[in-house]
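Letter by letter, the chains look like this.
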Amino acid sequence: MTELQPRIPNAATIDVLGAARDWLSRDGQVAIATVIDTWGSAPVPVGGQMAIAADGNFQGSVSGGCIEGDVIIEGGEALADGKPRTLTFGVADETAWRAGLPCGGQVRVLVERLDKDNGGDALLDRAIAARESRHGLVIKTKLDDASRTLYERGDANLPEDIANRFRTAKSQLIESPDGAVFVHALVPPARIIAIGATHIAQVLAQLAALSGYEIIIIDPRTAFADPARFGAPDAKLVAEWPQDALPRLGLDPYTAVLTLAHVAHIDDEALKLAVRANCLYVAALGSSRNHAKRRERLLAAGITEEEFARIKAPIGLDIGAQTPAEIAVSIMAEVILAVRGTKKAKG
């Protein structure tokens, strides 16, 4: 149930949840293997998953290849006896090199069976729905019996730790008074929506692709929103007005909205929608003088002072950027900061 991993081959096309749901419908049961803890240079991050069917077919990965065979065997055993098991693998240096890693490490994997007649289909349906709606889901699983508690972002009285995980997307194995618990943050990958298919957007599209972020570029000017101008094949170009495109695409707390057109009647419409959608990062290109004029326009259009304060301007980290490429680097860095937070803040 893991989300986007930057540039792992075909990572964006691997649908572990979908495969698990199909096999559960067909066979009545499916095994799920989840990376719950890592040390060293583990090839798949915590939260990475693999689905294992009754016929031995599998989808996804928990190690990049070096322990998959053992996990598939354990998945078959879990399908047979229904008991969850926690596996620990030490990846030796020689094996690690064969798997494309710089050094050894350790991986812990939870293997459990989902049954159609015991809520497995409902669990997968909720996880798929949360992914497709970009709302997110956090699942707490006790290792000893695989019992679960599910949380959605909009739930009332969310525990502080769970609320933080919707923000940070951090999955973690923790010790509780009831024993070891794996907290799995199934939140959507952060994405970027850039308004204005400008020179800055051309470079930003390439940086976003290299960094593993989906990017959508909106510009009603068809001469600007021309695929021939963009060297990032993964960038999606939308030749529409922001007020038409954004409601269809949907805005959410995992979306960064950047206005780069530097044209008031294009940028302003996007900003009005973004500040009211609780987006993770909203920023606008332009000087402090331009931002003051923007404030007058948006307040006159009904935006509150509190909403306007959510707009970061000038856009990007202050690194003295001057060229379109340098400005794009500063913007990409600030988006990553908004998504990840600082290492110092994480302790």
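We now turn to the structure provided with this report. (Residues numbered from 1 in each chain as written. Predicted model: local features only at pLDDT ≥ 70, side-chain atom pairs only at ≥ 80, totals over all residues. Heavy atoms only, no water.)

1. Here we look at the nonpolar core
In terms of nonpolar packing, the biggest core is built from 27 residues, with Ile217, Leu258, Leu260, Ile331 and Val335 touching the most fellow members. Looking at this core, the elements that each hand over two or more residues are β10 (191–195), α6 (199–211), β11 (214–218), β13 (255–259), β14 (281–284) and α11 (324–340). Considering each element in turn, this core owes the most residues, six residues, to α11. Sequence-distant contacts of Val335, that is, excluding residues within four places in its chain, are made with Ile192, Ala256, Leu258 and Tyr281. Counting 23 residues, the second largest nonpolar core, distinct from the first, contains Ile216, Ala270, Val282 and Ala284. (Core = buried A, V, L, I, M, F, W, Y, C linked by side-chain atoms within 4.5 Å. Buried < 20%, exposed > 50% of the residue type's maximum accessible area, 1.4 Å probe, protein only. Helix = DSSP H or I, 4+ residues; strand = E, 2+ residues; numbered from the N terminus. Contact = heavy atoms within 4.5 Å.)

2. Description of unusual backbone geometry
Look at the link from Ala313 to Pro314: it is a cis peptide, with omega at -5 degrees. Tracing the sequence through the fold places Pro314 in the loop between β15 (311–312) and α11. The backbone phi angle of Ala146 is positive, close to 60 degrees, even though this residue is not glycine. With phi around 55 degrees, Asn157 is a residue other than glycine that occupies positive phi space. Secondary-structure assignment places Asn157 in the loop between β7 (148–152) and α5 (160–168). Overall, the relative accessible area of 77% leaves Asn157 in the exposed class.

3. Some words on the packing of α6 against α11
Taken N-terminus to C-terminus, the directions of α6 and α11 make an angle of 45 degrees; their axes are 8 Å apart at the nearest point. By the angle between their directions, the pair α6 and α11 is classed as oblique. Considering the relative orientation of α6 and α11, their crossing is right-handed. Packed against α6, whose contacting residues are His199, Ile200, Val203, Leu204, Leu207, Ala208 and Ser211, the element α11 presents Pro324, Ala325, Ile327, Ala328, Val329, Ile331, Met332 and Ile336 at the interface. (Axes fitted to C-alpha atoms, helices over the stretch in contact; angles between N-to-C directions. Parallel < 35°, antiparallel > 145°, perpendicular 65-115°, else oblique. Left-handed = near helix turned anticlockwise from the far one by under 90°.)

4. Thoughts on the pattern of salt bridges
Following the criterion strictly, the structure yields 19 salt bridges and no others. A salt bridge links Asp161 to Arg165, with the shortest nitrogen-to-oxygen separation between them at 3.0 Å. Of this pair, Asp161 and Arg165 both sit in helix α5, four residues apart, which is roughly one turn of that helix. By relative accessible area, which is 36% here, Asp161 ends up partly exposed. According to the relative accessible area criterion, Arg165 is buried, its value standing at 5%. In this structure, Glu307 and Arg276 form a salt bridge, with 3.6 Å as the shortest nitrogen-oxygen distance. (Salt bridge = Lys/Arg side-chain N within 4 Å of Asp/Glu carboxyl O.)

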